Amino acid sequence: MSRAPTPLDRRIALGLGVIAFFVLWATERAVGFVRDESVYFAGAEQFARWWSLLFHRPAAALSDPVISQAFDFNHEHPMLMKSLYGWSYALFHQTLGWVRPAAGFRLPAFAVAALIPALVHAWGSVLWGRRAGLFAALSFFVVPRHFFHAHLAAFDMPVASMWLLVVYLFWRAEEDLRFAPWTGVAFGLALATKHNAFFLPVVLTPFGVLAAWRVTGEAGRNVLVRMAEVAVGFLAYLALLLAVLGREGLVQSWQLLSPQTLGLVALVVGLAVLALRLRVADAAAFLKLAPLVAMGLLGPVIFYVHWPYLWYHPVDRLAWYFDFHATHVHYAWTYFDVVLRSPPFPLSYVFVVTALTLPISLLLPIGAGLVRSVLRSLGDLVPALGRRVGTGGATEWLLAVNALWSILLISYPTVPHFGGVKHWLPSMPFLALLAGREFDRAAAGLSSVLQLAPRRAIAASIGLGAVVLLPALTLTVHVHPYGTSAYGELAGGIPGAASLGLQRQYWSNNVTGVLPWIDANARPGARVWLHEVNGLSFRDYQRNEMLRKDVMPVGGPEDADLAAVQYHQEFREQEVLVWQAFGTAIPSTGLYLDETPQVVVYRRPER
Amino acid sequence: MNETAHRLRTAAPALALVLVALYGLGFQLQLPRAFPSDADYHAVAEALTAARASGDVVLLHPWWTERARLFMPADLPVVGYLGDTADDLVAHPRIWVLANERLPRTPTADFRANFLPDRTPIGESRQFGPLTLTAYRNGRSRPVLLSSIDAFDRLEVSVEAPGGSPQPCHRSGSRVLCPSDASVEVTWHEVLYQPVRCLFVIPPSGGRTLAIHLPDAPAVDSLLLEAGITWEHAWLPGRSDIQLQLESPAGTLHLRVPGAHEGFFRGESPASGPGPWTLRIQTPNPQDRQVCVRLRGLGAAR
């Protein structure tokens, strides 16, 4: 079976991507600026200025101090998306004036997010047919929280797109060598998007190596064993250096000519030479390994080249980057009436939150699809199970592992658990794919039972798809643009989640719900405290004409005429401090989603 | 029969999807019926204005339905916080429960287990859209004969060092400022999600003790002392305890707020004749042991 989608499915995939892009664009205006997003806006603007400098005064732009100055801001994350945001803003807002500033930044985010429905359809249609692909693509996009995150000029949805792209290209490259270099390029872009991508080799290497092992003979297997020896040798060498130099010493003494560089060069050269030998010894085995080789060669190069901040100080800045994410702070997060503040976090957290935030009509096919995929994969290992539920093969394993990887990774009790579903978004397109298969089975069963002619079977499938997707769509429309507050029917919707004691919202973007009231009711020059809204976001609301420009931000209720408090369990003190400062516990207005307080506004009584 | 079973089995996935989707749609269509309108809330407010008495309080059920605050009479306290069903609401002989049990997953079992004991409904419930207003006689209420926050202006505050003479504090605006960075004021704070107007005490540094002295307390049936660390300071790991010691004509009451305890710690002394009360507070980590103190002299149970 060819892994290439049919021309029609390619066009459908393209159409889905284009539609997704325009839907996101059309619904962008109402979406508030999450705390991090305004930081990325500011970073993108700053980096765009550096690119302009590079164009006009390249020698100055390429100097170490200028690069450090330009890229030091928000160096917690690499540059690909921020560069795209900055260029897009400079072109579509500053130069052409076609869009408001926020949309200028966000357009690349829409485009990258739109890859997901396109890729999901392209992949799903090949695996299980057009019906499955279409349902899978749509089912990813009509989940309220997915739809929300797809709007943001951030990194969570982009890295989900990139992860899917890399795995899809890897899968294609296992059959068609032409896709191998593209897998490498995509991996580089994924690394340049967010640090999640560093786990991709961990996930994909076993698939490439096992596939090569299966198809090759003794000569090929000897080469594979040698490759493993080189890898193990490198790890042993690294362990030795760590033992001798310590963690700090390993980083600080790393220079161009150093034992560390020697070890890395030896690893790359050794694996590259062995890969070439494998190609000579067994082209079929090399085909299976080629995407990994491309990832190993191109990924790090693209990552390094794309981020000027690394050019002069690659080791210490990379070390800082990894250290920052390995030791990330834990933000407070409410889970069944308990404010989680530090690890260990509940093992079930990710599964439970996923189940409670998905619309129930999608939770069913997703859950069933995951169970089937896991069982079929295990059926490869346990023949008795395989006879009962079927066997999967490499593709089934690939889907199951990627559907579970991010979910299991974040489930680890010491990994930070804040951020709703955004940290395990890379799992969700794969779960949507598995849901597509379940839908296809259901639709096929329906047509079979009703003995429908092909045309009527198509109509029945469309009808079934519409019925299943409709609750998710209505939920998404209902909660937009407050996606971080969305809960599915299993939770009892937003009010049910409040009674269950789940996190009400996060990232402060829901403040958009009260900005019109503030605009209408604040006196000229009023001092306004938007709790949890940082100064950059405040500025962005003003420059995007979502908040009057005459009102002034203040840092707390003591100095404020108006206060808008974000309702979080961990911030109850903040609201009480407003009562104290304003001398009243009676709000003036608020954003109450399905009765749940989200943002509560107080006005200081006239003296 | 086999044919029917086969057909059912074949159609089961589609049926399951349709049924679940219909459930989802039904849920969404039904949900708005659980939401009170502004008119419903206004009607509740009017009913409360007409029927209220001194000492009344409104309790929200579920606790988070705080949109009601927008509409309630300005001088009628409204209580709604996580855990409020277990609040004795000592100062309130009558509680108006404003309930919305049409909301999904309303915590009814918690309400029954924690709120209802010692509370008796008074009269019939009234319905305002999805809202139910019911008055309860609060069997846990007691007359509050003296409250430390009401007596704040009469408090004499000083800092005591081991072996030294007490250093007096002075009043600055609404605060009492003391040596060793200690202070006392009456403010709103949060103690385990509960908004409380209390004596907000920052204990003195250097192992010293803050002494809060009330020279002329009346006779009471009991003294209720409650202390809790405010906001997120309570959960900070590795912090020390707070020691409180209340001396009154009834004797000495010791209370220890453990380092990692969230919420109020309570102690009650027996009946006391008229005379002075002195509360002493001491902790080794004063800056993150900011403590909310409520000290009340209570009358006999109603």
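The residue numbers shown here count from 1 along each chain, following its written sequence. Key to labels: chains lettered from A, ligands numbered from 1, both in the order written. Per-residue local features of the predicted model are confined to residues with pLDDT of at least 70, and side-chain atom pairs are confined, for both listing and counting, to 80 or more; whole-chain, interface and lining totals are unaffected and use all residues.

(A) Quick peek at the environment of B:Glu268. Residue and element names in this part refer to chain B. Tracing the sequence through the fold places Glu268 in strand S17 (residues 265-269). Linking Glu268 and Pro215, residues 53 residues apart in sequence, is a C-alpha distance of 20 Å. Two residues qualify as a contact pair if the distance between their C-beta atoms, derived from the backbone, is within 7 Å. In contact with Glu268, not counting residues within four places along its chain, are Ser222, Leu223 and Leu224. The helix and strand labels rest on DSSP assignments: H or I over at least four residues marks a helix, E over at least two residues marks a strand, and numbering proceeds from the N terminus.

(B) Main features of the packing of helix H16 (residues 349-357) of chain A against helix H19 (residues 394-411) of chain A. Residues and elements named next belong to chain A. Here the axes come from fitting lines to C-alpha atoms, over the contacting stretch only for helices, and the angles between their N-to-C directions go from 0 to 180 degrees. Between H16 and H19, the least distance of the axes is 8 Å, while the angle of their chain directions is 125°. It follows that H16 is oblique to H19 by the angle criterion. Note on element contacts: H19 touches H16 through Ile407, Ile410 and Ser411, opposite Tyr349, Val350, Phe351 and Thr354. For this classification, under 35 degrees means roughly parallel, over 145 means roughly antiparallel, 65 to 115 means roughly perpendicular, and everything else is oblique.

(C) Quick look at the domain arrangement of chain A. Either an automatic procedure or a domain database provided the assignment from which the domain bounds are taken. Assigned domains of chain A: these are domain 1 (1-154), domain 2 (187-327), domain 3 (334-498) and domain 4 (509-603). For domain 2 of chain A and domain 4 of chain A, the distance between their C-alpha centres works out to 49 Å.

(D) Fine view of the interface of chain B and chain A. At the interface, 41 residues of chain B touch 45 residues of chain A. Counting residues per element, the ones that place at least two in the side of chain B that touches chain A are helix H1 (2-30) and strand S11 (183-191) of chain B. The greatest single-element share of the side of chain B that touches chain A, amounting to 15 residues, is contributed by H1(B). Grouping the amino acids of the side of chain B that touches chain A by side-chain chemistry returns 26 nonpolar, 8 polar and 7 charged. Nonpolar residues are Ala, Val, Leu, Ile, Met, Phe, Trp, Tyr, Cys and Pro. Charged residues are Asp, Glu, Lys and Arg, and all others, Gly as well, are polar.

(E) The domain arrangement of chain B, seen in detail. Assigned domains of chain B: these are domain 1 (2-33), domain 2 (35-138) and domain 3 (144-298). Taking only C-alpha atoms into account, the centre of domain 1 of chain B sits 61 Å from that of domain 3 of chain B.

(F) Structural context of helix H2 (residues 35-56) of chain A. All names here are of chain A. Its 22 residues give H2 an end-to-end C-alpha distance of 33 Å, which sits within 8% of 32 Å, the value for a rise of 1.5 Å per residue. For the exposure call, what matters is how many other C-beta atoms sit within 10 Å of a residue's own: 20 or more marks it buried, 12 or fewer exposed, and in between partly exposed, using C-beta atoms placed from the backbone. Taken together, the buried positions of H2 are Asp36, Glu37, Ser38, Val39, Tyr40, Phe41, Gly43, Ala44, Phe47 and Ala48. In this structure, the buried side of H2 is in contact with helix H4 (64-71), helix H5 (80-95), helix H6 (101-128) and helix H24 (535-543). To estimate how far a helix should extend, the number of its residues minus one is multiplied by 1.5 Å.

(G) Main features of the confidence of the model for chain B. For every residue, the predictor assigns a confidence score, pLDDT, that lies between 0 and 100. Per-residue pLDDT for chain B has a mean of 95; in total, 100% of the residues score no lower than 70. Reported confidences for the modelled complex are a pTM of 0.96 and an ipTM of 0.96.

(H) Spotlight on the sheet that holds strand S16 (residues 251-257) of chain B. Two strands pair if DSSP finds at least two bridges between them. Pairing in this open sheet of 6 strands is antiparallel, and the strands run S8-S7-S13-S18-S15-S16 (chain B) from one edge to the other. Looking at the sheet topology across the chains shown, the edges are occupied by strand S8 (167-168) and S16 of chain B.

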